[in-house]
Structures are given as structure tokens and as C-alpha cells.
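An overview of the molecular structure
Here is what each chain is made of, one letter per residue.
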Amino acid sequence: MDTGRGGSSGCKCSGRRRVEALPCLPGCGAPTIPGEVSSRACPYYGARWLLALVKGALHLVHAPVGCAYYGGSVRGKAYRMLSTALDEKEIIFGSEAKLARAIREAVRLFPEAGAIFVYGCCAAGLTGTDIDGICTAARRRTGRPVVPVGCAGFAGTSQGDGHAIAAAALVRFLVGRAPPDTAAPYDVNVLGEFNNGGDLGEIEDLLGRLGLRVRCAFTGKADITALAGAHHARLNLVHCRRTGGPLAEAMAKEYGIPHLPVNFFGLAATAASLRETAARFGRERMAEEIIRAATTEAAPVLESVRRHVTGLRVGLYFGASRVGMMAAAFRELGMDVVFAGAQFGLAEDYAAAGAHMTVGGRLKDDASQWQLEDFLLRERPDLFVGGTRERFLAHKYGVPFMVFPQKGKPYAGFNGFVNFARDIVKALRAPVWQFIPGRWAHVLGD
């Protein structure tokens, strides 16, 4: 058994049995050992990941200026970021007055802002700055939501904890501010969907064919107005357990909105999610018509792809919940998942991934660079899938690579799965691999 860091352990799954029955799930949520190079990031970055997409909001970071610089870009896109730029004087003598002035100045400079998120990072947390009290006073003074986001590094072990902190802030301060709305019997929210590559458009299209409207997507399609009325939705669809789970639980407790876990990656998973969603609204027949037409259209392309990729070995390493979803998608194409890991996954995520792994497959939480390097050198997978940083490591060892979450085109839904399948073939058949003698002959064939 591979021994993981921070008290976690790796996993070698014996066969394709349901992994819940196996005692080899990696430990989850343990702090990264200091000095290790990890891609987990911190709670502040996780909160930024969730809140950056909220349209019409300002983002004020109460921290040294480096934190604002670090969080200024999310998913490769730059967002407007304000900072109090704390220095030694405020750390020693207190920074409450500076924060209050910064909020007033932000409102003066950007009067159109519908809300202000105030991020309390490590320095503010260590010095005990009363961010909640300052934000409360600012709400009274400005008449608009000034939302405290307490996301100091010691508030959790990874950016996954920052997702939960941001979700709680949204439900407490922004959701539920709109008056009652009785004209939304077929409205749903999508939780944990960030619209990478246009995924949300595919999901909205499928739900629209069922006669359902996405009222708010947390946070791929979220503005102050949509968040204020999100509590009027009849159902919450949870597309990412790590991000959407806390939101769904909070909204169920506060507003009684039921929630349903869904997965729109893969033909079978999309069909199952459509059926389950349709059953909640009495639209089962419509769902079957949509599924029949879409699967018929996608079948020729997917059969062609399977001829090229069946039996090839793939390793996965990225966020959290979607490691299980993508393992199922690769298996649906006939590929063998030999490694699956996440930066901040939950036990349920690894259980879902393990259920679709091959004999001898390995599960790993919070892998370090040298552990990923060891996997690439020892196992020599035919394809590796991960974030932007892992791309350079894979290419260094001559392993074809796909970025996920993807950029440029959707992978969700029926059309997205066709895009996904074609991109796998493109990655495997790139001309550069012909310069690695003999290694990829089985991939570069006809």
C-alpha cells in the first residue's frame, strides 16, 4: 500500500468491485506536511474560486498586498481585486480603521456594486480583526450587502474548506433577499457548476428541453439578483459534491429546498441525471425522447473513438468530486483508469472513482509532485489528465496530457461527451509522440 502524506494513505484497489467495501480509501482532510509542495492552495483561494464569478460584486482583500495578487486571477481570468495592503504598522497597532475606510472608498469608487465581499486572510485572523463587526456597521451605513468571508489559512486544510466558507456566506447574506415568487414552478438551481468551457450552457439546454429553467448556477451564472431569488427554486441540482453539498444542505435547512446529486459527464451519467430530474417534475416521457435522440446522434462518433482508446491506461489528478465523475466517463469509453487522485477530495469522491478503476488501480489524496512523477515513471500511462501545473510534468516524461477542468469547449451533456471523446483522441494522436521510439506505436496506428 502506498503511504500518503499528512496521515493519509494511498490505495491499490483489487478489481472493479464497489470500493466502499474495500478498506483502502485514502485518508482525507489531513493537513499537508509543511515543506511539501502541494497544489491544494488555501481556504482564501477556495473562497475566491467560488465567489469570483458573482457578477456585480466587489472583492476586497484585508491582507498584505500579496494575497490580493495571488487571488486576482481565477481559472486563468483576471478579476477586479481591491486590497487594504496591510503593512507592519497595521499588524502591530490594529487595522480596523483602515478596513472601514477601504470599504467606504470602495463604495465611493464603484457605486454600482451590488455587494462587497471582504476576505479576512491570515494576517487579519492572527491579529483578531473584527471583520464581522466592521462589515455589520458598513451594511447599515451603505445599505448594501457587505459580506465577511473569514478564510484565513488556518480556517481549513485546503481550498475545499474555502468553498464551504464562501457557500455559508452566500446563503447567510445574499440568498433569500428577494420577495416571494409564486411564478417559478419549474425553476431549479445548479450547485457547484462554474461553467468551465461552456458546460453550463449544455446543462441549461438539456434542462430547458424538459421545460425547466436554471434560476441560478452557483456560481457559473450568478449575480446579485439571481442569488437573492435562488430560494424560490423548486429543486437544487448538486453537480459538485464538495462545493454544492454545503450549499444544498444550508438551503434545505433554511428554505426547505430538496436537492438531487447529478452528473452530466458521460452518456450514461447524463441520461441517468435527466431521468431522475424529470421524475421530480413528472416529465419522464420528455426525458426519454431527449435521451433517445441524443444517444443515437452521438453513437457513431463514440464507437469510432472506442476503437482507438479501448484498453489504454489513464491517470487522473485534479479537484475533488469530479474525479469520480471523470473516472466513470473514461471507463464508458473503454479506457482503464489506473490512478485517481484529488487535491482535496472526500471519501465519497474516492469511493466513486474507485468503483470505476481497474485491477491494481491507485487512489491518492493530496499527491506531491514527486508522487505524481513516480506514478508517471513507473506506470507509463497512455494519457494523464490534470490541472495546468501537471501538464508540464506529464510532457516532461513524454506522456500525452489533457487539461481538466477544460478550456474552450464544453464536456458536459451529450454534445460535451462527444467533444471530450474527440479531445482524447487528439491528445493521444498528436504528431509529437512519433518522436518517442516505439512507445506510442499502439496509439499512433490507423
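All of the points below concern the structure found in this document.

All right, on to the overall build of the chain then. Within the chain, the secondary structure is distributed over 17 helices and 16 strands. Taking 446 residues into account, the globule formula puts the C-alpha radius of gyration at 22 Å, and the chain, at 23 Å, falls close to it. Scored against the burial criterion, the 446 residues of the chain give a buried share of 56%. In the chain, the proportion of contacts linking residues at least 24 apart, taken out of those at least 6 apart, comes to 68%.

On to the pattern of salt bridges. Pairing between side chains of opposite charge can happen when their charged atoms approach one another. For the coordinates displayed, the defined rule picks out 17 salt bridges. A salt bridge links arginine 306 to glutamate 303; the nearest nitrogen and oxygen atoms lie 2.7 Å apart. Of the two residues, arginine 306 and glutamate 303 both sit in helix H12 (residues 284-309), three residues apart, roughly one turn of that helix.

Looking along the chain, the bond that leaves phenylalanine 218 and enters threonine 219 is cis, with omega of 0 degrees. Notably, asparagine 195 is not glycine yet its phi reads approximately 60 degrees, a positive angle. Take asparagine 195: it is sitting in the loop between strand E8 (187-193) and helix H8 (199-209). Residue asparagine 195 is classed as partly exposed on the basis of its relative accessible area of 29%. At arginine 380, a residue that is not glycine, the phi angle is positive and equals roughly 45 degrees.

As a further point, take the sheet that holds strand E9 (residues 213-219). On the basis of which strands lie adjacent, the open sheet formed by four strands has the order E9-E8-E10-E11 and parallel pairing. In this open sheet, the two strands that pair with only one neighbour each are E9 and strand E11 (259-261). Taking the axes of each pair of neighbouring strands and ignoring which way they run, one obtains an average angle of 25 degrees across the sheet. In terms of strand pairing, E8 meets E9 through six bridges, oriented parallel. Its bridge partner lying in E9, aspartate 187 is registered against arginine 213. Packed onto the sheet, helix H11 (residues 267-281) meets E8, strand E10 (235-238) and E11 and runs at close to 160 degrees relative to E11.

Our focus in this paragraph is the environment of valine 305. Relative to the helices and strands, valine 305 is located in helix H12. Classification of valine 305 by relative accessible area gives buried; the value is 5%. Setting aside residues no more than four positions away along its own chain, valine 305 makes contact with Leu333, Ala421, Arg422 and Val425.

Moving on: the nonpolar core. One finds Leu316, Phe330, Leu383, Phe420 and Ile424 to be the most contacted residues of the largest nonpolar core, which totals 63 residues. When sequence neighbours within four positions are dropped, the list of residues in contact with phenylalanine 330 reads Val314, Leu316, Met335, Val337, Leu383, Val385, Phe420 and Ile424. Leu51, Tyr119, Val175 and Ile224 belong to the second-largest nonpolar core, a separate cluster that totals 46 residues.

As a further point, take a positive patch on the surface. A cluster of basic side chains, namely Lys89, Arg101, Arg104 and Arg141, defines a positive patch on the protein surface. Within the fold, lysine 89 resides in helix H3 (residues 88-93). Take lysine 89: its relative accessible area is 54%, and that puts it in the exposed class.

Within helix H16 (residues 388-396), the full set of buried residues consists of Glu390, Leu393 and Ala394. Each buried residue of H16 sits inside an arc of 100 degrees when the element is viewed along its axis, so together they form one side. Opposite the buried face of H16, at more than 90 degrees from it, the exposed residues are Phe392 and Lys396. Packing partners of the buried residues in H16 comprise strand E12 (313-318), helix H15 (369-379), strand E15 (383-386) and strand E16 (401-403).

A word on the packing of H11 against H12. For the pair H11 and H12, interaxial distance at closest approach is 9 Å and the crossing angle is 170 degrees. One way to sum up the angle between H11 and H12 is to call them roughly antiparallel. Residues Leu267, Ala271, Leu274, Arg275, Ala278 and Ala279 of H11 form the contact with H12, whose participating residues are Glu284, Ala287, Glu288, Ile290, Ile291, Thr295, Ala298 and Leu302. Here the residues of the contact of H11 with H12 sort into 10 nonpolar, one polar and three charged.

Attention shifts here to the sheet that holds strand E2 (residues 57-62). In space, the four strands of this open sheet follow the order E5-E2-E6-E7, with parallel pairing throughout. Unpaired on one side and paired on the other, strand E5 (82-83) and strand E7 (146-150) mark the two borders of the sheet. One ladder, built from six bridges, connects E2 with strand E6 (residues 115-120); its direction is parallel. For histidine 62, the partnering residue across the bridge sits in E6 and is glycine 120. Running over the sheet, helix H4 (residues 96-109) touches E2, E5, E6 and E7 and is turned about 155 degrees from E2. Where helix H6 (residues 131-142) meets the sheet, it contacts E2, E6 and E7, and its direction lies at approximately 170 degrees from that of E7.

Turning to the pairing of E8, a few remarks are in order. Most of E8 is tucked away, with seven of its seven residues classed as buried. Crossover handedness for the path E8 to H8 to E9: right-handed. The pairing of E8 with E10 spans four bridges and is parallel. Paired with leucine 191 across the bridge in E10 is valine 238.

Conventions and cut-offs
Residues numbered from 1 in each chain as written. Predicted model: local features only at pLDDT ≥ 70, side-chain atom pairs only at ≥ 80, totals over all residues. Heavy atoms only, no water. Helix = DSSP H or I, 4+ residues; strand = E, 2+ residues; numbered from the N terminus. Rg over C-alpha atoms; globule rule 2.2 N^0.38 Å. Buried < 20%, exposed > 50% of the residue type's maximum accessible area, 1.4 Å probe, protein only. Contact = heavy atoms within 4.5 Å. Salt bridge = Lys/Arg side-chain N within 4 Å of Asp/Glu carboxyl O. Pairing = 2+ DSSP bridges. Axes fitted to C-alpha atoms, helices over the stretch in contact; angles between N-to-C directions. Core = buried A, V, L, I, M, F, W, Y, C linked by side-chain atoms within 4.5 Å. Patch = residues over 30% accessible without salt bridge, like charges linked within 9 Å, V, L, I, M, F, W, Y side chains within 5 Å. Areas by Shrake-Rupley, 256 points an atom, 1.4 Å probe, with all protein chains shown as cover. Lys, Arg positive; Asp, Glu negative; His and termini not counted. Charge placed at Lys NZ, Arg CZ, Asp CG, Glu CD. Arc of directions from axis to C-beta. Parallel < 35°, antiparallel > 145°, perpendicular 65-115°, else oblique. Nonpolar A, V, L, I, M, F, W, Y, C, P; charged D, E, K, R; others polar. Right-handed = clockwise from strand over helix to strand, strands pointing away.

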